[in-house]
Amino acid sequence: MAKTMRFQLTGGNKRPLSVDDYRRLARRSVPNMVWAYVDGGADDMATLAENRAAFGRWKLRQRVLTGLPAGEDLGVEIGGVPLDLPILLAPTGMTGLTHWQGELGSARAAEQAGTRLVLSSASTYSLEEIGAGTAEDHWFQLYPWRDKELMGSLLTRARNAGMQNLFVTVDVPTHGNREREQRQGVTTPPVLTPLRVLDAAVHPKWWYGFLKYQRVSLANMAEDKGWSQAVATVRKQSGLLRPDLGWSDLEWLRDQWKGAMYVKGILDPDDAVHAIDVGADGVVVSNHGGRQLDSVPASIEALPGIAAAVDGRGQVLLDGGIRRGTDVIKALCLGADAVCIGRPFLYGLAVDGEDGVSDVLRILRTEIARALTLMGIRKVTDLDRSWLLPNEEIAP
Ligand SMILES: Cc1cc2nc3c(=O)[nH]c(=O)nc-3n(C[C@H](O)[C@H](O)[C@H](O)COP(=O)(O)O)c2cc1C
């Protein structure tokens with residue numbers, strides 16, 4: 001990131017040091033409509049807040065004089081893919097609204113950091129564009145929709161574009177109630193008032209990229225990436241959601257996809273077991289970043305029970321509320337094999353495109369490595385429950 005821009009955005013001589021610094025800068029980098037979309041949650045946003053608060057209830061154990069070298073080994077293997085750090089970029093729809101470089105810039109930043117992007121089926125760059133524009137094989141996320149032919153063709157395209165593994169997101173039988181978005185006119189079609197257009201125009205860097213590159217439609221469903229298809233493709237996807245999904249739909253997807261398949265949006269141990277029973281390679285403990293059903297538990301709270309129920313029969317990932325390296329460590333201690341981040345990389349993207357995402361990943365990597373060293377532990381795969389103090393609010 002250009003030093004001058006950091007200077008201006010922080011209004012001082014500081015560069016962003018943390019994910020929260022990026023959040024503050026991101027708030028100023030995009031119009032209110034985009035901010036409501038990226039940062040908001042469902043209903044009263046209680047689960048969104050809990051996703052953060054719950055991490056604070058766990059305390060790390062610190063050992064000293066261990067005679068061990070610095071904690072620098074952050075490598076894990078997820079879905080048969082060795083990653084240099086235990087963080088994937090979560091699938092986020094319409095990422096080109098945050099910054100025109102969208103999913104492509106994010107995928108490039110991920111692979112430079114030795115990890116992968118999970119490409120949302122609601123992405124603003126197509127599967128083929130990601131395949132052609134990156135060096136590594138990234139991952140794909142699919143909603144189990146009403147239209148099997150469309151799902152089948154997307155999976156074929158994903159395979160041909162080199163997508164290695166699949167997330168199936170099961171917590172969106174219908175859209176969550178995101179009032180903050182609605183108040184800002186983030187509807188289909190969007191409600192554009194003179195004030196909102198002015199708000200966009202006073203973010204000239206964002207506005208320029210938005211107008212010039214037009215990353216505004218669901219690229220996997222559009223003939224043309226520009227304005228003409230934006231509303232139509234979003235409407236099309238919304239119409240494909242199915243409230244009457246069943247485990248047989250997941251079995252069908254399992255048959256279609258030969259790579260590793262993770263079921264995302266699991267909060268209940270019985271559902272996790274069911275997912276593994278029908279052939280999933282793992283689950284993603286997630287409440288969709290507090291964007292779907294409000295008042296469900298924080299994902300970190302749901303994690304221990306799910307990890308115990310899965311009992312090593314599959315991998316367990318977690319997302320929701322990760323903002324610090326110590327959050328990643330706590331998740332791994334409680335049974336996660338790796339985590340995903342959503343908003344943190346979007347904050348980086350909003351501030352400085354691909355470079356901003358790279359910097360967010362660098363910050364988290366540095367924080368994890370430093371915390372491991374301070375705890376007296378060498379590699380992330382050595383983390384387990386014994387590295388957390390008993391949490392009085394949650395049964396062990
Ligand atoms: C703007 C935005 C769009 C999202 N779109 C999708 C999506 O298309 N598919 C999906 O499975 N999850 C989607 N999610 C949820 C994320 O994959 C992830 O579960 C969540 O962001 C994790 O919480 P965090 O933002 O606190 O890291 C989205 C999240 C955000 C913030």
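The preceding data block contains the structure.
What this report covers is the structure whose coordinates are included nearby. Just so we're clear, the structure is a prediction, and the values are computed from it rather than from any experiment.

## Here's the deal with the overall build of the protein chain
Summing up its helical and strand segments, the protein chain has 16 helices and ten strands in all. By the compact-globule yardstick of 21 Å for 396 residues, the protein chain fits well, its C-alpha radius of gyration being 20 Å. Dimensions of the protein chain, computed from the C-alpha atoms along their principal axes, are close to 60 × 55 × 40 Å. Here the protein chain holds 396 residues, and the buried ones make up 52% of them. Across the protein chain, contacts joining residues at least 24 apart in sequence account for 71% of those joining residues at least 6 apart.

## As for the sheet that holds strand 10 (residues 338-341)
In spatial order, the strands read 3-10-9-8-7-6-5-4; together these eight strands make up an open sheet with parallel pairing. Both edges of this open sheet fall to strand 3 (87-89) and strand 4 (118-119), since each of them pairs with a single strand only. Alignment of strand 8 (residues 282-285) against strand 9 (residues 315-319), held across four bridges, turns out to be parallel. Bridge assignment links Gly-282 to a residue of strand 9, and that residue is Gln-315.

## Quick notes on the environment of Pro-297
Relative to the assigned elements, Pro-297 resides in the loop between strand 8 and helix 14 (299-310). Note on Pro-297: 19 C-beta atoms within 10 Å, which makes it partly exposed. Apart from the residues within four sequence positions on either side, Pro-297 is in contact with Glu-50, Leu-267 and Ala-302.

## As for the packing of helix 2 (residues 19-29) against helix 16 (residues 343-375)
Where helix 2 meets helix 16, the closest approach of the two axes is 10 Å, and the angle between their N-to-C directions is 170 degrees. Comparing the axis directions of helix 2 and helix 16 gives the class roughly antiparallel. Seen along the crossing, helix 2 lies across helix 16 with a hand that is right-handed. Taking contact as the criterion, the partners of Val-19, Tyr-22, Arg-23, Leu-25, Ala-26 and Ser-29 in helix 2 are, on helix 16, Pro-344, Tyr-347, Gly-348, Ala-350, Val-351, Gly-356, Val-360 and Ile-363. Of the residues belonging to the contact of helix 2 with helix 16, the class tally is ten nonpolar, three polar and one charged.

## Digging into the site of the ligand
Taken together, 24 residues form the shell around the ligand, and within it Ala-90, Gly-93, Thr-169, Gly-289 and Gly-342 come nearest. Of all the secondary-structure elements, those providing two or more residues to the shell around the ligand are helix 3 (32-39) and helix 16. Split into classes, the residues belonging to the shell around the ligand amount to eight nonpolar, twelve polar and four charged.

## A closer look at unusual backbone geometry
Each neighbour pair has its own omega, and for Thr-188 with Pro-189 the value is 0 degrees, a cis peptide bond. On the secondary structure map, Pro-189 appears in the loop between helix 8 (179-183) and helix 9 (194-201). A positive phi angle, close to 50 degrees, is found at Leu-65, a residue other than glycine. For Leu-65, a count of 6 C-beta atoms within 10 Å translates into the label exposed. You will see that Ser-295, though not glycine, has its phi angle at about 80 degrees, which is positive.

## Points about the nonpolar core
Grouped together as the largest cluster of nonpolar side chains are 114 residues, with contacts concentrated most on Val-263, Val-283, Val-285, Leu-303, Ile-306, Ala-336 and Val-339. Excluding its chain neighbours within four sequence positions, the residues that come into contact with Val-339 are Pro-86, Ile-87, Leu-317, Leu-318, Asp-319, Ile-322, Val-328 and Ala-331.

## With respect to the pairing of strand 8
Here strand 8 shows a buried face lined by Gly-282 and Val-284 and a second buried face lined by Val-283 and Val-285. The pairing of strand 7 (residues 261-266) with strand 8 spans four bridges and is parallel. Residue Val-263 lies in a different strand from strand 8, and its bridge partner there is Val-283. Each parallel crossover has a hand, and for strand 7 linked through helix 13 (residues 269-277) to strand 8 it is right-handed. For the crossover that starts at strand 8, traverses helix 14 and ends in the parallel strand 9, the hand is right-handed.

## A short note on the pairing of strand 9
Most of strand 9 sits inside the fold, with five of its five residues counted as buried. The two faces of strand 9 match: Gln-315, Leu-317 and Asp-319 on one face and Val-316 and Leu-318 on the other face are all buried. Judged from the three bridges that link them, strand 9 and strand 10 form a sheet pairing that is parallel. From the neighbouring strand, Asp-319 faces strand 10, where its bridge partner is Cys-340.

Calculation criteria
Residues numbered from 1 in each chain as written. Predicted model: local features only at pLDDT ≥ 70, side-chain atom pairs only at ≥ 80, totals over all residues. Helix = DSSP H or I, 4+ residues; strand = E, 2+ residues; numbered from the N terminus. Rg over C-alpha atoms; globule rule 2.2 N^0.38 Å. Buried ≥ 20, exposed ≤ 12 C-beta atoms within 10 Å, placed from the backbone. Contact = placed C-beta atoms within 7 Å. Pairing = 2+ DSSP bridges. Axes fitted to C-alpha atoms, helices over the stretch in contact; angles between N-to-C directions. Parallel < 35°, antiparallel > 145°, perpendicular 65-115°, else oblique. Left-handed = near helix turned anticlockwise from the far one by under 90°. Nonpolar A, V, L, I, M, F, W, Y, C, P; charged D, E, K, R; others polar. Near = placed C-beta within 6 Å. Core = buried A, V, L, I, M, F, W, Y, C linked by C-beta atoms within 7 Å. Right-handed = clockwise from strand over helix to strand, strands pointing away.

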